[in-house]
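Reading the structure
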Amino acid sequence: MKLTIAFALVTLTLFCRPASTEVCPSLLYALGNLLTGTPSSYAAALEPFSPDEDMKEATRQLKALIDTLSPKAKDSVLQLMGKIVQSPECA
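Summary of the structure given here. (Residues numbered from 1 in each chain as written. Predicted model: local features only at pLDDT ≥ 70, side-chain atom pairs only at ≥ 80, totals over all residues. Heavy atoms only, no water.)

**A short note on the overall build of the protein chain**
Quick note on the threshold: Runs of H or I in DSSP of at least four residues are treated as helices and runs of E of at least two as strands, each being numbered from the N terminus. Whether a residue is buried, partly exposed or exposed follows from its accessible area with a 1.4 Å probe, protein chains only, as a fraction of its type maximum: under 20%, in between, or over 50%, in that order. Accessible surface area values rest on a Shrake-Rupley calculation with a 1.4 Å probe, where residue burial reflects the displayed protein chains alone.
Helix and strand counts for the protein chain come out as 5 helices and 0 strands. Start at the N end of the protein chain and walk to the C end: the helices and strands fall as α-α-α-α-α. Of all 91 residues assigned to the protein chain, the portion counted as buried reaches 32%. Accessible area for the protein chain stands at about 6000 Å²; split by element, carbon and sulfur atoms hold 65% of it.

Below is the structure:
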């Protein structure tokens, strides 16, 4: 679970810098599928970015790890991500 939370926070940190006025909707869609979607819906959300085979394998492994989390843990991560995106630090 620590890996998942670290990944979510690092990702949001990268996109919540002053130069960025909003979080990319495609990123949010991909992260949503990572946390709540099926492996195939997550892979489909990443396809527009043309991941190479190493990236696809890494994201399959990440999705498998995420899917070991309880629904409550996934929901908590989503809630935290929502709070971060709406925070003054992301304004």
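Let's pick the thread back up.
**What about the environment of Thr68?**
The condition that has to hold: Polar contact is defined as a pair of N or O atoms within 3.5 Å, subject to the rule that within protein one atom must be able to donate a hydrogen and the other to accept it, and that residues adjacent in sequence are counted only when both atoms are side-chain atoms.
Inspection of the secondary structure puts Thr68 in the loop between α4 (53-66) and α5 (71-86). When its relative accessible area of 64% is taken as the criterion, Thr68 is described as exposed. Of the polar contacts made by the side chain of Thr68, one reaches the backbone oxygen of Leu65; its length is 2.5 Å.

**Structural notes on the pattern of salt bridges**
Counted only if it meets this: Any carboxyl oxygen of Asp or Glu within 4 Å of a side-chain nitrogen of Lys or Arg constitutes a salt bridge here.
As enumerated under the stated definition, the model contains 5 salt bridges in all. As a salt-bridge pair, Glu47 and Lys56 come within 3.6 Å of each other at their nearest N and O atoms. A salt bridge links Arg60 to Glu57, with the shortest nitrogen-to-oxygen separation between them at 3.2 Å. With Arg60 and Glu57 both in helix α4 and 3 residues apart, this pair spans about one turn of that helix.

**Here we look at the nonpolar core**
One broad rule of soluble globular proteins: the nonpolar side chains tend to lie buried together. Put simply, the rule reads: To qualify as a nonpolar core, a set must consist of buried Ala, Val, Leu, Ile, Met, Phe, Trp, Tyr and Cys residues joined through side-chain atoms within 4.5 Å.
Counting residues in hydrophobic clusters, the biggest one holds 12 residues: Leu27, Ala30, Leu31, Leu34, Leu35, Tyr42, Ala45, Leu46, Leu62, Ile66, Val77 and Met81. The set of elements that each furnish at least two residues to this core consists of α2 (25-36), α3 (39-46), α4 and α5. In terms of residues, this core owes the most to one element, α2, which gives 5 residues.

**A closer look at α3**
Put simply, the test is: Each C-beta atom gives one direction from the helix axis, and the arc is the one those directions make. Contacts are assigned to residue pairs with any non-hydrogen atoms lying within 4.5 Å of each other.
Residues Tyr42, Ala45 and Leu46 constitute the buried set of α3. Here the buried residues of α3 occupy an arc of 100° about the axis, which is enough to place them on one side. Close packing links the buried residues of α3 with α2 and α4.

**Some details on the side chain of Lys74**
Position of Lys74 relative to the elements: it lies in helix α5. With a relative accessible area of 15%, Lys74 lands in the buried category. What Lys74 contacts, discounting residues up to four positions off in sequence, is Leu35, Ile66, Asp67 and Leu69.

**A closer look at α5**
Rule in force here: A helix is expected to span 1.5 Å for every residue after the first.
Between the first and last C-alpha of α5 there are 23 Å, a value that for 16 residues agrees with the 22 Å anticipated at 1.5 Å per step. What α5 keeps buried is the set Ala73, Lys74, Val77 and Met81. On an axial view of α5, the arc spanned by its buried residues comes to 100°, and they lie on one face. Opposite the buried face of α5, at more than 90 degrees from it, the exposed residues are Pro71, Lys72, Lys83 and Gln86.

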